[in-house]
Amino acid sequence: MEADWPLIAVRFALYLTLSGLFGLSAFGLYGLKEGERGDALAFRPWLLGTGLFALLLSGIAIALLAAAMAGTPPWPIDREAIGMLLSDSATGTAWKIRMIALVMASIAALMAAWRTMPLALVVISSGVALATLAWTGHGAMDEGATGWVHLAADILHLLSAGAWVGALLGLGLLVTRPACRIDAAHLTLTHRALHGFGMIGTIVVGTIVVTGLVNAWLLVGVVNALNLGVTLYGRLLMAKLLLFLAMLGLASVNRFRLTPAFERSIANGDHPGALGALRRSLAIETACVVLILALVAWLGTLEPPASAM
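Computed from a predicted structure; not experimentally measured.

1. Overview of the pattern of salt bridges
Argument step 1. Counted under the stated rule, the structure contains 2 salt bridges.
Argument step 2. When the shortest N-O distance is used, the salt bridge between Arg-115 and Glu-34 registers 3.7 Å. Linking Arg-115 in the loop between helix H5 (90-112) and helix H6 (116-131) with Glu-34 in helix H2 (residues 34-40), this pair joins segments that are 81 residues apart in sequence.
Argument step 3. Judged by relative accessible area, which is 35%, Glu-34 ranks as partly exposed.
Argument step 4. In this structure, Arg-192 and Glu-36 form a salt bridge, with 2.0 Å as the shortest nitrogen-oxygen distance. Separated by 156 residues along the polypeptide, Arg-192 in helix H8 (residues 184-219) and Glu-36 in helix H2 bring together distant segments of the chain.
Argument step 5. On the accessibility criterion, Arg-192 (31% relative accessible area) is partly exposed.

Dropping the structure here:
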């Protein structure tokens, strides 16, 4: 089966955009205080921009998905196929919920993205929007009790991954601030945010591991675990796991080595070297997560080994 690259590309962009919207807004709540959010990060343009872009991507995605399911070319747009998908499927219902949630998130971001209540509304709305992606992949393939377990695991997996993606975005923006705008207050804020995500990250990683194991059991199965290299799905899944392990290693280095070194450098008044090391590590970690999301977008269009049994 030939890969549907336009659909894969839009799926990837949606994963990245919705994860960034949810994760960055959540990072603003737990990582920064209300009085410092406006100066630390440009929340309004980032959140409003990603919200509006996600609305555009969702419109493109529903057209491509309808065309793929109907077996018709993506252009000209098949309005009848889109209408059937929106009215007669759980995927269509999830899409409509996503659009409503993104409109709410965009309005809240436009109002006052740095204030706690509007930012909390962005977190909730974007979390709902991100969760709807579970209905566009393998999370909705099962029925009955197994289906609910699979769907719940997929949603928790998406939200945890989104929290990680958004935290990387927020931390990356903090450590890449121009040198002329870095003062003692910003350095202290950056260290506190790094240290704070170290504790949140433990919960995030634990949730990703547990839900990932549930998904692997349902999508691959014990029988197929030793033969992953035989199929394209298996090879992509192994690549995803290797990248995830690399991210874990980098996150551990950040938390137990680079962040304490950064704290010492602030105390000694010599932060550029430690800040540069953090920038490089976070850049590599971000590159890994971007590749993982690209693999996830591709994997969602392939038949998992367990479904072929």
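Having seen the structure, we can now continue with the description.
2. Details of the nonpolar core
Argument step 1. Core analysis: the biggest nonpolar cluster contains 90 residues, and Phe-27, Leu-47 and Trp-164 have the highest contact counts within it.
Argument step 2. It is helix H10 (residues 272-299) that contributes the most residues to this core, 13 residues altogether.
Argument step 3. Setting aside its immediate chain neighbours within four residues, Phe-27 contacts Leu-32, Leu-41, Gly-166, Ala-167, Gly-170, Leu-171, Leu-174 and Ala-193.

Cut-offs used in this document
Residue indices follow the written sequence of each chain, beginning from 1 at its first position. In keeping with the predicted nature of the model, local features appear solely for residues at pLDDT of at least 70, side-chain atom pairs appear and are counted solely at 80 or more, and the whole-chain, interface and lining totals rest on all residues. Note that water and hydrogens are dropped before the side-chain values are worked out from all heavy atoms of the structure. The salt bridge criterion pairs a side-chain nitrogen of Lys or Arg with a carboxyl oxygen of Asp or Glu, the two atoms within 4 Å. Secondary structure elements are taken from DSSP: a helix is a run of H or I of four residues or more, a strand is a run of E of two residues or more, and numbering for both begins at the N terminus. For every residue, the accessible area obtained with a 1.4 Å probe (protein chains only) is divided by the maximum for its type, and the residue is called buried under 20%, exposed over 50%, and partly exposed between those limits. Note on terminology: a nonpolar core comprises buried Ala, Val, Leu, Ile, Met, Phe, Trp, Tyr and Cys residues joined through side-chain atoms within 4.5 Å. The contact definition used throughout considers only heavy atoms, calling two residues in contact when any of these lie within 4.5 Å.

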